[in-house]
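Structural characterization, general
Listed below are the residues making up each chain.
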Amino acid sequence: MMLFARKAFILSSIIYFVLFGITFRDAFASTPKDEAKDLGCWYYTGGGVLKDGKRTGIDKSMTTLICANDCAKLNFSYALVKYGKECTCRETMSKMDQTGILLCDFPCVGDSTIMCGGHQEKYTVFHTGYFQKSEFTRFWDYINESYVGCYMDRGPFCKDSFSDDDMSVGMCMHSCYKKKKNLAAIKNAEECCCSTTLEGTDKGSRKGCWRFCDDNPAFHCGAVLPWVAVYDIEKVPKYVMEPTAKPPPETIEQKIESNLSFYIYVGICVLAVIIMLIAICCVCRCMRGNSSSKEYQRVNDDPNPNPNANGYRRGSRVTLDL
């Protein structure tokens, strides 16, 4: 019994400390940034030298990941390296076009096996994993689901359009929603057009829409003409399109699913407490039983019991000889 109590106490203690360790780890750990993503070789189309952004300086141990980490710490989304050692941080990829990877032929000074840009404004570009705050980030959970595909615009499709250097899928979808259109299309990551049908387009390869928007590199944003990335606005809930609209109430199944991990956690904690209490009770009972047994054994095994005040043993029978 004593052995069982000890094992139960040790088991419950382990469960309890593990649960609290997980809780404190999740409570105090900072939210990690996504890993840096290699976007390939790009060149600056603004003419002359790239002047916007923040230069971190020239580092004799420079690599693409060092540049990406430095830019992430400064809250920039993009890290650009050229000449093997010059790092520049930018918030957007405006006035940048992708080019052949062979044009970024300067080895990094910190690791000669990695290319760090080229000459004449050729940059090896990484997304740092940091995303700029935007009012359109609320669309992110629905963008992949609403993606229709990559299409070739034969000319009449993108009539109602506008351009923005900070174009995002959410911006385009929201603009088309206000125009009461059900399709939003983006081309070359900077022009948005709205439509109600796919008339005037031909379905193309997914690889045709290789450009991405500045808000998230995972979302397709078309390419140079004639490629457009098309999104279905109707697959985005109204309360996302209109932040003032109230979301629908959660069903019982959704409430249970959203709180399932919490219920499991509470149940395990309660079970651990019960096991611990049982173990403590068992230990107390064993200790009390051992104490009584030792006292009883000591009294019975005493070879010289104390006599009473009259010199006789307590409880002994006295016989008188007449």
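Bear in mind that the values here come from a model prediction, so they are computed numbers and not experimental data. (Residues numbered from 1 in each chain as written. Predicted model: local features only at pLDDT ≥ 70, side-chain atom pairs only at ≥ 80, totals over all residues. Heavy atoms only, no water.)

Attention now moves to a negative patch on the surface. Together, Glu91, Asp165, Asp166 and Glu190 make up a region of like negative charge exposed at the surface. Summarising the element assignment, Glu190 is placed in the loop between strand 11 (183-187) and strand 12 (191-195). (Patch = residues over 30% accessible without salt bridge, like charges linked within 9 Å, V, L, I, M, F, W, Y side chains within 5 Å. Areas by Shrake-Rupley, 256 points an atom, 1.4 Å probe, with all protein chains shown as cover. Salt bridge = Lys/Arg side-chain N within 4 Å of Asp/Glu carboxyl O. Lys, Arg positive; Asp, Glu negative; His and termini not counted. Charge placed at Lys NZ, Arg CZ, Asp CG, Glu CD. Helix = DSSP H or I, 4+ residues; strand = E, 2+ residues; numbered from the N terminus.)

With that out of the way, let us pick up unusual backbone geometry. The phi torsion at Asn188 lies on the positive side, around 55 degrees, for a residue other than glycine. As for its position among the elements, Asn188 is in the loop between strand 11 and strand 12. Look at Asn188 and you get buried, because its relative accessible area is 18%. Positive phi outside glycine occurs at Ala189, with the angle close to 60 degrees. (Buried < 20%, exposed > 50% of the residue type's maximum accessible area, 1.4 Å probe, protein only.)

In spatial order, the strands read 2-4-3-8-1-5; together these 6 strands make up an open sheet with antiparallel pairing. The sheet is open, and its two borders are formed by strand 2 (54-58) and strand 5 (96-98), each paired with just one other strand. Within this sheet the neighbouring strands show an average axis-to-axis angle of 35 degrees, counted without direction. Inspection of the sheet shows strand 2 paired to strand 4 (residues 86-90) by 4 bridges, in the antiparallel sense. Across the sheet, Lys54 pairs through a bridge with Cys89, a residue of strand 4. Packed on one face of the sheet, helix 2 (residues 64-73) meets strand 2, strand 3 (78-82), strand 4 and strand 8 (122-127) and runs near 140 degrees to strand 3. (Pairing = 2+ DSSP bridges. Axes fitted to C-alpha atoms, helices over the stretch in contact; angles between N-to-C directions. Contact = heavy atoms within 4.5 Å.)

This part is about the environment of Leu80. Looking at where Leu80 falls in the secondary structure, it is placed in strand 3. For Leu80, a relative accessible area of 0% gives the class buried. Beyond its immediate stretch of four places on either side in the chain, Leu80 contacts Leu50, Cys67, Glu86, Cys87, Thr88, Arg90, Met96, Tyr123, Thr124 and Val125.

Moving on, we come to the state of the cysteines. Applying the stated criterion across every chain yields a total of 7 disulfides. Each disulfide pairs two cysteine sulfurs, and for Cys71 the partner residue is Cys89, the sulfurs being separated by 2.0 Å. Disulfide Cys71 to Cys89: torsion about the S-S bond roughly -80 degrees, handedness left-handed. Taken together, the residues Cys71 in helix 2 and Cys89 in strand 4 connect sequence positions 18 residues apart. No difference in accessibility class separates Cys71 from Cys89, as the two residues are buried. In this model Cys108 forms its disulfide with Cys116; the gap between the sulfur atoms is 1.7 Å. Since a negative S-S torsion denotes a left-handed disulfide, the Cys108-Cys116 link at about 85 degrees is right-handed. Note on Cys108: relative accessible area 3%, which makes it buried. (Disulfide = S-S within 2.5 Å.)

Next up on the list: the pattern of salt bridges. One pass over the structure, following the stated rule, counts 5 salt bridges. Of the charged contacts, one joins Glu86 and Arg55 as a salt bridge, the two residues approaching to 3.9 Å between their closest N and O atoms. Taken as a pair, Glu86 in strand 4 and Arg55 in strand 2 lie far apart in primary sequence, 31 residues in all. Arg211 is the salt-bridge partner of Asp97, the closest N and O atoms lying 3.2 Å from each other. Taken together, the residues span a long stretch of sequence, with Asp97 in strand 5 and Arg211 in the loop between strand 13 (201-203) and strand 14 (212-213) at a distance of 114 residues. For Arg211, a relative accessible area of 7% corresponds to the buried category.

This brings us to the nonpolar core. Within the largest apolar cluster, 27 residues are counted, with the highest numbers of intra-cluster contacts made by Val169, Met173 and Tyr231. Among the elements of the structure, helix 3 (140-146), strand 9 (147-153), helix 4 (169-178), strand 11, strand 12, strand 16 (227-232) and helix 5 (238-241) are those that each provide at least two residues to this core. Tallying contributions element by element places helix 4 first for this core, with 5 residues. Counting residues in each nonpolar core, the second largest holds 12 residues, with Ala68, Ala79, Cys87 and Phe126 among its members. (Core = buried A, V, L, I, M, F, W, Y, C linked by side-chain atoms within 4.5 Å.)

Burial runs high along helix 4: 8 of the 10 residues are buried. All of the buried residues in helix 4 are Val169, Gly170, Met171, Cys172, Met173, His174, Ser175 and Cys176. At the exit of helix 4 stands Lys180, carrying a positive phi of roughly 60 degrees.

In total, this model carries 4 aromatic pairs according to the counting rule given. Consider the rings of Trp42 and Phe212, whose centres lie 6.0 Å apart with planes at 70 degrees: the pair is edge-to-face. Within this pair, whereas Trp42 is found in strand 1 (residues 37-44), its partner Phe212 is found in strand 14, the two being separated by 170 residues in sequence. Seen in terms of ring centroids, Tyr147 and Tyr231 are 5.1 Å apart; in terms of plane orientation they differ by 50 degrees. Their pairing is tilted. Taken as a pair, Tyr147 in strand 9 and Tyr231 in strand 16 lie far apart in primary sequence, 84 residues in all. As far as the burial class goes, Tyr147 and Tyr231 line up, both buried. (Phe/Tyr/Trp six-rings, centres within 6.5 Å; stacked < 30°, edge-to-face > 60°.)

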